[in-house]
Amino acid sequence: MAERISGAEALMRSLVNEGVETLFGYPGGAIMPVYDALYDYRDRLNHILVRHEQGAVHAAQGFARVSGKVGCAIVTSGPGATNTVTGIADAMIDSTPMVVICGQVGTSLLGTDAFQEVDVVGVTSPISKWSYQIRRAEDVAWAVSRAFYIAKSGRPGPVVLDFAKNAQTAMVDYEPAKVDFIRSYQPIPPMDKDVIKKAAQMINESVKPFVLVGQGVELGDAREELKEFLEKAQMPAGCTLLGLSALPSDHPLNMGMLGMHGNLGPNVMTNQCDLLIAVGMRFDDRVTGNLKTYAKQAKIIHFDIDPSEIDKNVKVDLAVLGDCKQTLAAVTELLDETTHQSWIDGFKPYAEKEYNKVIDKAIHPKSGALLMGEVVRKVSEASNNEAILVTDVGQNQMFGCRYFKFTKGRSVVTSGGCGTMGFGLPAAIGATFGAPERTVCLFCGDGGLQMTIQELGTIMEQGAPVKIILLNNNYLGNVRQWQAMFFNHRYSFTPMMNPDYELIAKAYGIPAKTVVERKDLDAAIKEMLSTDGPYLLQCAVLEEDNVLPMTPPGANVDCMMLEV
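Residues numbered from 1 in each chain as written. Predicted model: local features only at pLDDT ≥ 70, side-chain atom pairs only at ≥ 80, totals over all residues. Heavy atoms only, no water.

Caption draft 1: Main features of the sheet that holds strand β12 (residues 275-279). Pairing is parallel across the open sheet formed by six strands, whose spatial order is β11-β10-β9-β12-β13-β14. What marks the edges here is a single partner per strand, and that holds for β11 (254-257) and β14 (318-321). Ignoring strand direction, the axes of neighbouring strands in this sheet form an average angle of 20°. Relative to strand β13 (residues 299-304), β12 is paired through five bridges, and the arrangement is parallel. The residue bridging Ile 277 from the neighbouring strand is Ile 301, located in β13. Contacts from helix α9 (residues 193-205) reach β12, β13 and β14, with the element oriented near 130° to β14. (Pairing = 2+ DSSP bridges. Helix = DSSP H or I, 4+ residues; strand = E, 2+ residues; numbered from the N terminus. Axes fitted to C-alpha atoms, helices over the stretch in contact; angles between N-to-C directions. Contact = heavy atoms within 4.5 Å.)

Caption draft 2: A look at the packing of helix α1 (residues 7-17) against helix α7 (residues 140-152). The N-to-C vectors of α1 and α7 enclose an angle of 35°; their axes lie 9 Å apart at closest approach. Every pair of crossing elements has a handedness; the one defined by α1 and α7 is right-handed. Facing α1, whose interface residues are Gly 7, Ala 10, Leu 11, Ser 14 and Leu 15, α7 presents Val 140, Ala 141, Val 144 and Phe 148. In terms of residue class, the contact of α1 with α7 is built from seven nonpolar, two polar and no charged. (Left-handed = near helix turned anticlockwise from the far one by under 90°. Nonpolar A, V, L, I, M, F, W, Y, C, P; charged D, E, K, R; others polar.)

Caption draft 3: Structural view of empty space enclosed by the protein. If you walk through the whole model with that rule in mind, you get three cavities of 30 Å³ or more. In this structure, the largest cavity occupies an estimated 60 Å³ of space. Forming the walls of the largest cavity are Arg 65, Gln 215, Glu 218, Leu 219, Leu 242, Ser 245, Arg 410, Ser 411 and Val 412. Summarising the domain contributions, the lining of the largest cavity has at least three residues from each of domain 2 (193-348) and domain 3 (369-540). (1 Å grid on protein atoms, 1.4 Å probe; cavity = no way out; pocket = protein on both sides within 12 Å on 5 of 7 lines; lining within 4 Å. Points joined across faces, edges and corners; volume = space filled by probe spheres on them. Domains from an automatic or database assignment.)

Caption draft 4: Quick peek at the domain arrangement of the protein. Assigned domains of the protein: these are domain 1 (3-174), domain 2 (193-348) and domain 3 (369-540). Of note, the centres of domain 1 and domain 2, computed from C-alpha atoms alone, are 37 Å apart. The interface of domain 1 with domain 2 comprises seven residues on the first partner and seven residues on the second. By the criterion of area lost to domain 2, the three top residues of domain 1 are Arg 65, Asp 94 and Arg 155, representing 62% of everything that side buries. Joining domain 1 to domain 2, the criterion identifies two salt bridges. Linking Arg 155 and Glu 309 is a salt bridge whose minimum nitrogen-to-oxygen distance equals 2.7 Å. Taken together, domain 1 and domain 2 are joined by three residue pairs in polar contact (both at pLDDT 80 or more). In terms of residue class, the side of domain 1 that touches domain 2 is made up of two nonpolar, two polar and three charged. (Buried area = accessible area lost by both parts, 1.4 Å probe. Salt bridge = Lys/Arg side-chain N within 4 Å of Asp/Glu carboxyl O. Polar contact = N/O pair within 3.5 Å; in protein donor to acceptor, adjacent residues only side chain to side chain.)

See below:
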């Protein structure tokens, strides 16, 4: 016989039923019945009190990205809900599975401009996989199960539940629900055997194949399938920003990062290959550059789970729809064991040129101020290249992703498509809960850190062991670089007056140290990594350092600047 409970408690039971163990949230009036119910579930649901609702959704993103589970955030109505919009949009474009539960005024008040009433469904529908308003307690179990199913199935993404207050307080005969099918929703397209054969044939006939590795490989847990695919036909590969840890950095077929601030070889060779094979990526403009000249000499195969990505930006010759864990394995079975050594060797001159002109100077400076690249590389090496890299957005992000090295999957947490400053600190907190056994290293700039700096309070309360590496150049560095390169050095509102970050960290009980001179860097990194719990390491870096190489906006992908 079903037990009669409140809609709020039905939510708690439904979350437990979905396997949720960690929540990130912030209470308020319209969600108070839920928080009252949560009081009795503290032994089963670990609620992390953030200091701002934006922090809740970014933390849920960080949790999801490193764990592979659905992140979950709970906030109140009105400003509580609207403060989550940036994180929801970020999760949507970066395919991060997340369920956001927002309080809402009672149904009798909907449309009356009641206190803290906002049309959450109307606001979030365009930036989520599904947005639904729960108006009755009877719908709670079904809505929660459906939300988690949609968030994690197919191409993952965020789902929003707008929970009316009367539905929270009303009583219901609770029975668990399990949604694993929705009519008209096909999360994984069926694999077409004829397409698989055609893909294998095109690869077997190619002389200069090049594989573009996207985050879809990570989302599909297809890292081993990818390696077997590459190794059987000995095909070189480049990785997108979010796909960097899908293939170990030191794998002999990994040619480096794609895109505007990627490596020279992969970008140049994109316009020289005869077959371009995209796996779980969306041909973002920061990867393709000028679409009119992008890989026009090549035939293109696109592996993806989302049919809407096919031909969206780049017209392809063959679409391989389905779960890449299955489709890659199916194609690999039909591949010839071969080698493309002369083609692979063609990447080497570009790698040597980039190393001599850019990389060596960035990670092995002989004198002068500290450089971002050397700090990133030293932290990576000191963690045996096994840590999770979390970045904010800007130069810290590009230097971090260029010079951090990866040996394990699910090791990159960064805001790719949305480019959200302030993402880093709360996302790193979430990552420590999603992968508590791993070291989490956050690289951030002085601009991005200040956008969500209040989350130091969450770190203080939770003891979240985030290793914060603040690359402080007293500028909004990425914007300053563009101003230097394209706006005649007119630094319009990019210089930053900064507070004493050491004092701020210490006020939150977080150990901190500032490094100015190169001779002190190694010891400071060792101290940071050996300290239990959180740590802030501030590095005073060269103020006008630039991220290179760089493809200027709108330029051809192979037209990379190595110096300014």
